[in-house]
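# Observations on the model geometry
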Amino acid sequence: MMFVSAMSICLLINYAVSAIPKPEEKRVLDHDPLSHAQHYQNDEHNKQYDHEAFLGEDAKTFDQLEADESRRRLGLIVDKIDGDNDGFVNLSELKAWIQYTQRRYIDDDVNRQWKTHNPNNTEKVHWDTYRKNVYGFLDELASHETDHPSDEHFSYRAMMKRDRRRWSIADRDGDDELTREEFTDFLHPEESRHMRDVVVTETIEDIDKDSDGKVSVEEYIGDMYRQGEPDEEEPDWVKHERETFTNFRDKNKDGFMDNQEVKDWITPADFDHAEAEARHLIYEADSDADEKLTKDEIIEKYDLFVGSQATDFGEALTRHDEF
């Protein structure tokens, strides 16, 4: 058997860890397709949510712009949102823009990963190819495992098992290969109706610490709040979340959220995230209460729309093809 030094194994692990998400970071769905941030955090309005919803995912470069230049470019983007060129941004125009930025992020992500796993741009990608690219390092480690592999090693194997299940569900024709459309469903299951059940399953697995297949109020709270000292009083927002769990989440009043109740929580029927966010932004920036926004109103609320921590839309501010 080929000898591999401890240093080689360490380098292999470091490479692998840098190539894929850390186990604790690989959450399926942040319960909202528009942003990874919570809209209200500790009972406080979190503008980061609005930035990501309005801007999309890749705006780290936005921090490189001076404030005056950022405002100037924001003004240019407002012109793009104003589809009928009447000088106002109405609800439908703002909603369409938010949907566009979200779709662009997904398309960019799929394009990037499709090229990585399918450099020859064939019609389909096989599971074996994806597995080797993402988790192949586990095969090398397996041949040098001790009797007590690390917790991180177990975590990556659990991630691979989860990806395998999600891959099989995305694979509509069952040939173990994914078309580009199926690959999109695999990467972004929250965007596909037929993938919703696996989203629910993975969410329960993330939160259900005692593995009883349901979510207790303590597990629900524990997913968003970590208590400090044992005798530390819970903040008011946590108490409010407990009431929300009891009064709204736990519909059959058995003290837990089952599969259907979790589904209702993270993928509520008849709730349009883009429209809700567009309404929120108009409400916050509409100084004359006419239910539409002028460019001046948007620029005045610059920190709400873009701020200094914006994401994908911030990239739009630096894209030469859009200006």
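Here the structure is a predicted model, which is why all the values come from computation and not from measurement. (Residues numbered from 1 in each chain as written. Predicted model: local features only at pLDDT ≥ 70, side-chain atom pairs only at ≥ 80, totals over all residues. Heavy atoms only, no water.)

One finds Tyr130, Tyr135, Leu138, Trp167, Leu178, Phe183 and Phe186 to be the most contacted residues of the largest nonpolar core, which totals 23 residues. Mapped by element, the contributors of at least two residues to this core are helix 4 (91-117), helix 5 (127-135), helix 6 (137-142), helix 7 (151-170) and helix 8 (180-187). Here the element with the most residues in this core is helix 7; it accounts for five residues. Among the nonpolar cores identified, the runner-up in size contains 19 residues, and Ile77, Ile282, Leu293 and Val306 belong to it. (Core = buried A, V, L, I, M, F, W, Y, C linked by side-chain atoms within 4.5 Å. Buried < 20%, exposed > 50% of the residue type's maximum accessible area, 1.4 Å probe, protein only. Helix = DSSP H or I, 4+ residues; strand = E, 2+ residues; numbered from the N terminus.)

On to the packing of helix 4 against helix 8, then. Following both chains from N to C, one finds helix 4 and helix 8 inclined at 110°, their axes separated by 10 Å at the closest point. Here helix 4 is positioned roughly perpendicular relative to helix 8, judged by the angle of their axes. Like other packed secondary-structure pairs, helix 4 and helix 8 cross with a definite hand, here right-handed. The segment helix 4 lies against helix 8, with Arg103, Ile106, Asp109, Val110, Asn111, Gln113, Trp114 and His117 engaging Arg180, Phe183, Thr184 and Leu187. (Axes fitted to C-alpha atoms, helices over the stretch in contact; angles between N-to-C directions. Parallel < 35°, antiparallel > 145°, perpendicular 65-115°, else oblique. Left-handed = near helix turned anticlockwise from the far one by under 90°. Contact = heavy atoms within 4.5 Å.)

This part covers the packing of aromatic side chains. For the coordinates displayed, the defined rule picks out 14 aromatic pairs. Considering the side-chain rings of Tyr130 and Trp167, the 5.3 Å spacing of their centres and the 35° angle between planes classify their relative orientation as tilted. In this pair, Tyr130 is assigned in helix 5 and Trp167 in helix 7, connecting sequence segments 37 residues apart. Taken together, a centroid distance of 6.2 Å and an interplanar angle of 25° make the contact between Phe183 and Phe186 stacked. Of this pair, Phe183 and Phe186 both sit in helix 8, separated by three residues, roughly a single helical turn. Given the relative accessible area of 1%, Phe186 is considered buried. (Phe/Tyr/Trp six-rings, centres within 6.5 Å; stacked < 30°, edge-to-face > 60°.)

Here the UniProt feature "domain: EF-hand" (unreviewed entry) sits at residues 69-104, 158-193, 195-230 and 250-272. Helix makes up 75% of residues 69-104 and strand makes up 0%, while its end C-alpha atoms are separated by 23 Å. In residues 158-193, the share of helix is 58% and the share of strand is 6%. The end C-alpha atoms are 25 Å apart. (UniProt positions renumbered as here; feature names shortened; annotations may be inferred.)

In contact at an axis separation of 8 Å, helix 4 and helix 13 (residues 273-285) are set at 125° when each is read in the N-to-C sense. As judged from the angle between their axes, helix 4 and helix 13 are oblique. By crossing handedness, the relation of helix 4 to helix 13 is classed as right-handed. The segment helix 4 lies against helix 13, with Leu91, Leu94, Lys95, Ile98 and Gln99 engaging Ala274, Glu275, Glu277, Ala278, Arg279, Leu281 and Ile282. In terms of residue class, the contact of helix 4 with helix 13 is made up of seven nonpolar, one polar and four charged. (Nonpolar A, V, L, I, M, F, W, Y, C, P; charged D, E, K, R; others polar.)

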